Every structure is written in structure tokens, then in C-alpha cells.
Amino acid sequence: MTDQRRRPPRRGQGELEAQILAALRAAEGPATAGWVQERLGGDLAYTTVITILTRLLAKGAVTRERVGRSFAWTAASDEAGLAARRMRRVLDGERDREAVLASFVTSLEPNDERLLRELLAHPEAERED
């Protein structure tokens, strides 16, 4: 017979990392793991928050500074920066970079391809959103 106790639904892959990063970006400065835990509703174990923050640190997505006996955490970049890091990590893991890049570019929608060409032609120019 199955256990009838209610469990919260499982989060999708990367969802908890995204929630923690969003909480850190909403903070007015470096935040403790306890603050992040409270911000997410407190249903997560403190050790789970620490584990995810440590994984994010290893990925370069957060930084930390010692505050007393613990750490204060800060998001290292915005969502676009994190997506770019993930893309770079995938590219770095492939042997045939040219084939990967060629496949990526040929799969782009025309507007995305145009934007990429503009960015490559003028990498120092800031985009206006």
C-alpha cells in the first residue's frame, strides 16, 4: 500500500537553483542561506539550501564572503549571464566545436540569426532593450 501522506510536488531540474538565484538577485545585498531559506517559504531544509548554493558556487553562478562563522551569498550575474555560462559549458564539453556552432547557427530563427550577426559585428556595443 502506498504512503498517503502529502508531499510537496518535486521541482523540475534546475528549478530550485533558479529560485535560489532569483531570491539572491532580489536581495538588497549579500544574503545568508537562512535568509534564502525564509524567502523561499521555509519548506526547504537549511542543508538543502547550502548544498544548492555550494553547487552554484562551483558553477560560478554565485559568490560568497565570510560573515562571522557563516557566509553571505551574492548572485554573480543576471539570467542572461547564467544562460551564456551554460551554453559555454556545453560548447566546452564538445570535441567538434565547429560542428556544434554550425548546427546551432543553422537552427536559429531568422531574427535570432540577424541579432547574432549584429552582435558579432559590434561586440562592444551595448544592446538597448
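As a starting point, this report considers the structure included with it. (Residues numbered from 1 in each chain as written. Predicted model: local features only at pLDDT ≥ 70, side-chain atom pairs only at ≥ 80, totals over all residues. Heavy atoms only, no water.)

Summing up its helical and strand segments, the chain has 6 helices and 2 strands in all. Taken from the N to the C terminus, the helices and strands of the chain come in the order α-α-α-β-β-α-α-α. For the chain, the residues scored as buried account for 19% of the 129 residues in total. (Helix = DSSP H or I, 4+ residues; strand = E, 2+ residues; numbered from the N terminus. Buried < 20%, exposed > 50% of the residue type's maximum accessible area, 1.4 Å probe, protein only.)

Here we come to the nonpolar core. One finds I20, L21, L24, L53 and L56 to be the most contacted residues of the largest nonpolar core, which totals 18 residues. Broken down by secondary-structure element, the contributors of at least two residues to this core are helix 1 (15-26), helix 2 (33-39), helix 3 (46-58) and strand 2 (70-75). When residues no more than four places from it in sequence are discounted, the contact partners of I20 are V36, L40, V49, I52, L53 and L56. (Core = buried A, V, L, I, M, F, W, Y, C linked by side-chain atoms within 4.5 Å. Contact = heavy atoms within 4.5 Å.)

To continue, consider the pattern of salt bridges. Taken as a whole, this structure holds 5 salt bridges when the rule is applied. One salt bridge connects R97 with D92, and the closest N-O pair in it is separated by 2.9 Å. With relative accessibility at 44%, the residue D92 sits in the partly exposed group. Residue R114 pairs with E118 through a salt bridge whose shortest N-O separation is 2.9 Å. Within this pair, R114 and its partner E118 are both found in helix 6 (residues 110-121), separated by 4 residues, close to a single helical turn. Through salt bridges with shared partners, one network takes in R88, D92 and R97. (Salt bridge = Lys/Arg side-chain N within 4 Å of Asp/Glu carboxyl O.)

Turning to the packing of helix 1 against helix 3, a few remarks are in order. At their nearest, the axes of helix 1 and helix 3 sit 10 Å apart, and the two run at 85 degrees to each other. One finds that helix 1 runs roughly perpendicular with respect to helix 3. Between helix 1, through L16, E17, I20, L21 and L24, and helix 3, the contact on the second element is made entirely by T48, V49, I52, L53, R55 and L56. Considered class by class, the residues forming the contact of helix 1 with helix 3 number 8 nonpolar, 1 polar and 2 charged. (Axes fitted to C-alpha atoms, helices over the stretch in contact; angles between N-to-C directions. Parallel < 35°, antiparallel > 145°, perpendicular 65-115°, else oblique. Nonpolar A, V, L, I, M, F, W, Y, C, P; charged D, E, K, R; others polar.)

What follows concerns helix 3. End to end, helix 3 covers 19 Å across 13 residues, agreeing with the expected 18 Å (1.5 Å per residue, within 8%). Residues of helix 3 that are buried in the fold lie against helix 1, helix 2, strand 1 (62-67) and strand 2. (Expected span 1.5 Å × (residues − 1).)

Axis angle and axis distance: for two packed helices, these are the angle between their axes and the distance between the axes, and together they describe the pair. For the pair helix 4 (residues 79-92) and helix 5 (residues 97-106), interaxial distance at closest approach is 9 Å and the crossing angle is 135 degrees. Compared by their axis directions, helix 4 and helix 5 come out oblique. Residues M87, R88, L91 and D92 of helix 4 touch helix 5, and the partners they reach there are R97, V100, L101 and F104. In the contact of helix 4 with helix 5, the residues fall into 5 nonpolar, no polar and 3 charged.

Turning next to the pairing of strand 2. Relative to strand 2, strand 1 runs antiparallel, the two sharing 6 bridges. When the bridges of strand 2 are listed, R66 appears paired with F71. Two successive antiparallel strands, strand 1 and strand 2, enclose a turn made up of 2 residues, where G68 displays a positive phi of approximately 65 degrees. (Pairing = 2+ DSSP bridges.)

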